[in-house]
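Take a look at the letters that make up each chain.
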Amino acid sequence: MFTMDLTSVEQIAIWAVFAVAWLGLGYAVFLRSQILREDKGTEKMQEVWGAIKDGANAYLQKQFKSILPLIGILFFALFLSVYVVPPSPEAQERFRGMGEDQVKFIIGLARALAFVMGAGFSLMVGQLGMRMAIEGNVRVAAASRTSFGDALRIAYRAGTITGMLTDGLGLLGGTIIFIILGIAAPDALLGFGFGGTLLALFMRVGGGIFTKAADVGADLVGKVEAGIPEDDPRNPAVIADLVGDNVGDCAGMAADIFESYEVTIVSGLILGIALYHATGNQLAWIVFPLMVRGIGVLSSIIGTYFVKAGKTGKSEDAMKAIFSGFLTSAIISAALFFIAGFFYMKDTMVEFGGWWRLPTAVGVGVVLAILIDRLTEYFTGTHASPVNDIKKSADTGPATLILNGITVGFESSVWSVLVIALTIIASIFIFGTIPGIEGTTRATFILYGVAMTGIGMLTLTGNNVAMDSFGPIADNANGIGEMSWSGKTDKATKDAQQIMADLDAVGNTTKAITKGVAIGSAVIAAVSLFGSFLVDVSRAQSGLGVPLAEQIQAIGIRVDIPQIFVGMLIGGALPWLFSSFAIQAVTRAASLIVLEVRRQFKLGVLEGKVKPDYAQAVSISTTAAQKELVSLALLGIVTPIVVGLTLGVEALGGFLAGIIVSGQLLAVFLNNSGGAWDNAKKLIEDEPKDPAKNLGKGSERHKAGVVGDTVGDPFKDTAGPALNPMIKVVNLVAVIIAPIVVQYQGLNLGTGVIAAVLLGVLTWAVIRSKAPAQSMNAAIAVPAKTSAPKKKTTKKK
């Protein structure tokens, strides 16, 4: 099994981490049995729930078929990627005594299989988590009829199932690879991280387009034009909207955080192995990150039981309960980091400045997660001034409301960047002050510290994913209640509706918080991968005989060199192009949903003459989402390869720097402005309805809020969240191809042909993303023809 000189304590620690991974998965199964025992409510509630369940399952099946061919192609590409460069020193050491071709075959197969495992685990987290969220939403709606506390408990624990799947599978995959490959694990971990990240990108893009096309279309026609409530059963797009919450916020977000969980450990182990060589085979740099992850799983399980409330309550009670669970897990994990660090490293790390440095870096990551949590709640929560200022601006119409939301998004980006910058500075103080460590080794230490803060930040992944899944579960439960209790005015129904509205508002904030954490972790992971990129490039240059003083780690990324600056410009522009295409896709599909809903309203759906055809809106959203999957993924996969082959490896480094800075600023802006608009609309909806005073639902202020919300929907649920995996896909591709680019530096006939072909692929991706989908047009045309006889029959009657 182990191929490194692990002490007995280290071997026990690794097996304990392996056991904790299975414990997390077992806890998910335990929570599942708890949730399934809860009441599913009335027959009408189960009917609505069944429609949501069928739509979500059908979408995910179609999505899987769409992405399977690309997964197959990349499997072989990753297998072959090791054949064009010499094996890494770690692979040669691990398989000492074997020939070079044998080593390449083993590492290539391991990387390709790890890619499939990462993709499979990401898919499992998304799909199984979404299915449990759907099982939870109808039970939350049923519980709201009797108890605020029970509804909160069911919603949070249903989300915790997804969190435990994320923790368990992420930890299991990384630990298995390390146990089998030992020091050569990073070669395969790159494939594991790439598989998880690519699947997350697919699920984020597809789910985001689906959910917001349906949501925007349903709101514009239903709320603004027809004046009917949200989730009114007469709205033909309402089921598509509820399905979208699951495929976007449950499946997409779970896969997103899962891949961040993978990528931070990948970058940490790559840098840890570089320090292993630089510090005389000191194994703590490799073993301690795995121990941290095991501690995080245990802390998240304990924190679950601190999320509770009484039989009655308000939105602030729910938010307080959820944050208390998060804070409890944070305190427990931070204490255990230092205890584990002391007993494991108190004697072995003396020459590197003491045992305290590693647990301190991890603790900084936990603090970073809490700070981003508080920052995001301030800018998007219903009790702080930014959202209330947006609500006030509704008095003067949608334009001022939108402008106010834009300013909130801009400001929040600045504070988020400053918090992340302080985290990196903390790593400089922790690892940059080790006596006797200088030059490129000092830089590697600092970047390792950044990776450890990322690992610490995602230590509480179980809590983060539970908070995120809580949002769509509460939203769906509210929708099921609205559709099932339509027309009822008794006190019990009104109380249940208020409970659902309060939990829904909290869910908007928790979704925004976890998106903020996901964005922050994406930047930290990207910076860590950037460090891994520099290490791998220097190694490849060293293998070619490049003097140390001329290697990239020594000279850095010099933006005064024109081609490097060009690379940085291209990297900075890519997130904007990606976001443009994603929002364009939502706009086109939402327009088709609007036309479809209007068509059905003309047939008499509002008056009850005909029943709404929910399946049509689901079909339109599904078609729109599938159209963009491969083309948007190719932007992230192909662009770094083209930049590396045409401009060189140093320009590729500039490209990565540009995409990290630009992508972080844009992602936070999109996420927080959208979340703030959404909650401002909800504050207006919670006002007592009084048309004379322009208050509450149906008022002009409410219509302004709906317009702001619909503008923000693709910001916060499509483009913003999808930037996280896109940034990491780009960084992982760069790390994988870096040795190849160094080996074949400079354009020649072979690399020129490859670059030309890849440019053609990029051109195809751009054209496909901008072109309208014929099948979507057909989806509108078909029902229009089949509905004509119904109108004639009605007239004859």
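Treat the numbers as computed from the prediction; the structure is a model and nothing was measured.

S.K.: Tell me about the overall build of the protein chain, residues and numbers included.
M.R.: The number of helices and strands found in the protein chain is 22 helices and 0 strands. In terms of overall size, the protein chain behaves like a compact globule, its C-alpha atoms giving a radius of gyration of 26 Å where 797 residues would be expected to give roughly 28 Å. In the protein chain, which comprises 797 residues, the share counted as buried stands at 64%. In the protein chain, of all internal contacts separated by at least 6 residues, the share reaching a separation of at least 24 is 86%. Just so you have it, the protein chain exposes about 27400 Å², and 65% of that area is on carbon and sulfur atoms. Averaging the coordinates of the 63 positive side-chain charges in the protein chain and doing the same for the 61 negative ones gives two points 8 Å apart.

S.K.: Please set out helix H5 (residues 148-181) residue by residue, giving values where relevant.
M.R.: With 34 residues, H5 extends 50 Å from end C-alpha to end C-alpha; this agrees with the ideal 50 Å at 1.5 Å per step. Structurally, the start of H5 carries an N-cap: the backbone nitrogen of Gly 149 is 3.3 Å from a side-chain oxygen of Ser 147. Following H5 by one or two positions, Gly 182 adopts a phi angle in the positive range, close to 60 degrees.

S.K.: Residues and numbers for the packing of aromatic side chains, please.
M.R.: Pairs of aromatic rings are described using the distance from one ring centre to the other and the angle between the two planes. With the rule as written, the count across this model stands at 24 aromatic pairs. For the pair Phe 342 and Trp 355, a centre-to-centre distance of 5.4 Å together with 80 degrees between the ring planes defines the contact as edge-to-face. With Phe 342 in helix H9 (residues 315-345) and Trp 355 in the loop between H9 and helix H10 (357-380), this pair connects stretches of sequence that are 13 residues apart. Looking at Phe 342, the relative accessible area reads 34%, which means it is partly exposed. We classify Trp 355 as partly exposed; its relative accessible area is 23%. Relative to Phe 669, the ring of Phe 410 lies with its centre 4.7 Å away and its plane at 20 degrees, an arrangement referred to as stacked.

S.K.: Would you mind going over the environment of Val 362 in detail, with residue names and values included?
M.R.: Structurally, Val 362 can be placed in helix H10. Take Val 362: its relative accessible area is 0%, and that puts it in the buried class. Distance in space between the C-alpha atoms of Val 362 and Thr 509 is 26 Å, their sequence separation being 147 residues. Setting aside residues no more than four positions away along its own chain, Val 362 makes contact with Phe 288, Val 292, Phe 337, Met 452, Gly 456 and Thr 459.

S.K.: Lay out the nonpolar core in plain terms, naming residues and giving numbers.
M.R.: With 266 residues, the main nonpolar core has Phe 194, Phe 288, Leu 503 and Phe 533 as its most contacted residues. Considering each element in turn, this core owes the most residues, 24 residues, to helix H7 (residues 238-278). Among all residues touching Phe 288, those that are not within four sequence positions of it are Phe 337, Ala 340, Gly 341, Tyr 344, Met 345, Leu 358, Pro 359, Val 362 and Met 452.

S.K.: Residues and numbers for the confidence of the model for the protein chain, please.
M.R.: Confidence in the prediction for the protein chain averages 85 pLDDT; 95% of positions are at 70 or higher. Within the model, pLDDT remains below 50 along residues 774-797, and this stretch shows 22 contacts once partners closer than five positions in the same chain are excluded.

S.K.: Go over the pattern of salt bridges with me, naming the residues and quoting the values.
M.R.: Under the criterion given, the structure shown has 29 salt bridges. Residues Lys 728 and Glu 259 are paired through a salt bridge, measuring 2.8 Å at the closest nitrogen-oxygen approach. Highlighted residues: Lys 728 in helix H20 (residues 700-743) and Glu 259 in helix H7, separated in sequence by 469 residues. In this structure Glu 259 comes out as buried when scored by relative accessible area, which is 0%. Through salt bridges with shared partners, a single ionic network connects Lys 212, Asp 215, Asp 678, Lys 681, Asp 709, Asp 713, Lys 716 and Asp 717.

S.K.: Could you give an account of the side chain of Glu 377, with specific residues and numbers?
M.R.: Structurally, the position occupied by Glu 377 is in helix H10. A polar contact of 2.6 Å, which involves the side chain of Glu 377, links it to the side chain of Arg 374. What Glu 377 contacts, discounting residues up to four positions off in sequence, is Met 319, Thr 509 and Ile 513.

S.K.: Please provide a residue-by-residue account of a nonpolar patch on the surface, values included.
M.R.: On the surface, Leu 80, Tyr 83, Phe 105, Leu 109 and Leu 113 cluster together into a nonpolar patch covering about 450 Å² of accessible area. Examining the composition of the nonpolar patch, we find that 3 residues originate from one element, helix H4 (residues 100-143), more than from any other. Relative to the helices and strands, Tyr 83 is located in the loop between helix H2 (43-81) and helix H3 (89-94). A residue is classified by how much of its surface remains accessible, and Tyr 83, at 33% relative accessible area, is partly exposed.

S.K.: Can you lay out the side chain of Asn 672 for me, pointing to particular residues and giving the numbers?
M.R.: As for its position among the elements, Asn 672 is in helix H19 (residues 649-685). Residue class for Asn 672 comes out buried when judged on its relative accessible area of 3%. Those residues in contact with Asn 672 that lie beyond four places of it in its chain are Thr 376, Thr 380 and Ser 412.

S.K.: Quick one: what's the story with the packing of H2 against helix H6 (residues 185-225), residue by residue and with numbers?
M.R.: Where H2 meets H6, the closest approach of the two axes is 11 Å, and the angle between their N-to-C directions is 150 degrees. Relative to H6, the element H2 is oriented roughly antiparallel. In this structure, H2 crosses over H6, and the sense of that crossing is right-handed. Contacts from Tyr 59, Leu 60, Gln 63, Ile 67, Leu 70, Ile 71, Leu 74 and Leu 78 in H2 reach Phe 194, Leu 198, Leu 199, Phe 202, Met 203, Gly 206, Gly 207 and Phe 210 in H6. For the contact of H2 with H6, the per-class residue count stands at 13 nonpolar, 3 polar and no charged.

S.K.: Describe helix H13 (residues 439-457), with residues and values.
M.R.: Along its 19 residues, H13 runs 28 Å from first to last C-alpha, staying within 8% of the 27 Å computed at 1.5 Å per residue. Within H13, 14 of the 19 residues are buried, which leaves it mostly tucked inside the rest of the structure.

S.K.: Report on the environment of Gly 572, specifying residues and quantitative values.
M.R.: Relative to the elements of secondary structure, Gly 572 occurs in helix H17 (residues 562-602). C-alpha of Gly 572 to C-alpha of Gly 663: the two residues are 91 residues apart in sequence and 7.2 Å apart in space. Leaving out residues up to four positions away in the same chain, Gly 572 has contacts with Gly 658, Ile 659 and Ser 662.

The rules behind these values
Residues numbered from 1 in each chain as written. Predicted model: local features only at pLDDT ≥ 70, side-chain atom pairs only at ≥ 80, totals over all residues. Heavy atoms only, no water. Helix = DSSP H or I, 4+ residues; strand = E, 2+ residues; numbered from the N terminus. Rg over C-alpha atoms; globule rule 2.2 N^0.38 Å. Buried < 20%, exposed > 50% of the residue type's maximum accessible area, 1.4 Å probe, protein only. Contact = heavy atoms within 4.5 Å. Areas by Shrake-Rupley, 256 points an atom, 1.4 Å probe, with all protein chains shown as cover. Lys, Arg positive; Asp, Glu negative; His and termini not counted. Charge placed at Lys NZ, Arg CZ, Asp CG, Glu CD. Expected span 1.5 Å × (residues − 1). Polar contact = N/O pair within 3.5 Å; in protein donor to acceptor, adjacent residues only side chain to side chain. Phe/Tyr/Trp six-rings, centres within 6.5 Å; stacked < 30°, edge-to-face > 60°. Core = buried A, V, L, I, M, F, W, Y, C linked by side-chain atoms within 4.5 Å. pLDDT = per-residue confidence, 0-100. Salt bridge = Lys/Arg side-chain N within 4 Å of Asp/Glu carboxyl O. Patch = residues over 30% accessible without salt bridge, like charges linked within 9 Å, V, L, I, M, F, W, Y side chains within 5 Å. Axes fitted to C-alpha atoms, helices over the stretch in contact; angles between N-to-C directions. Parallel < 35°, antiparallel > 145°, perpendicular 65-115°, else oblique. Left-handed = near helix turned anticlockwise from the far one by under 90°. Nonpolar A, V, L, I, M, F, W, Y, C, P; charged D, E, K, R; others polar.

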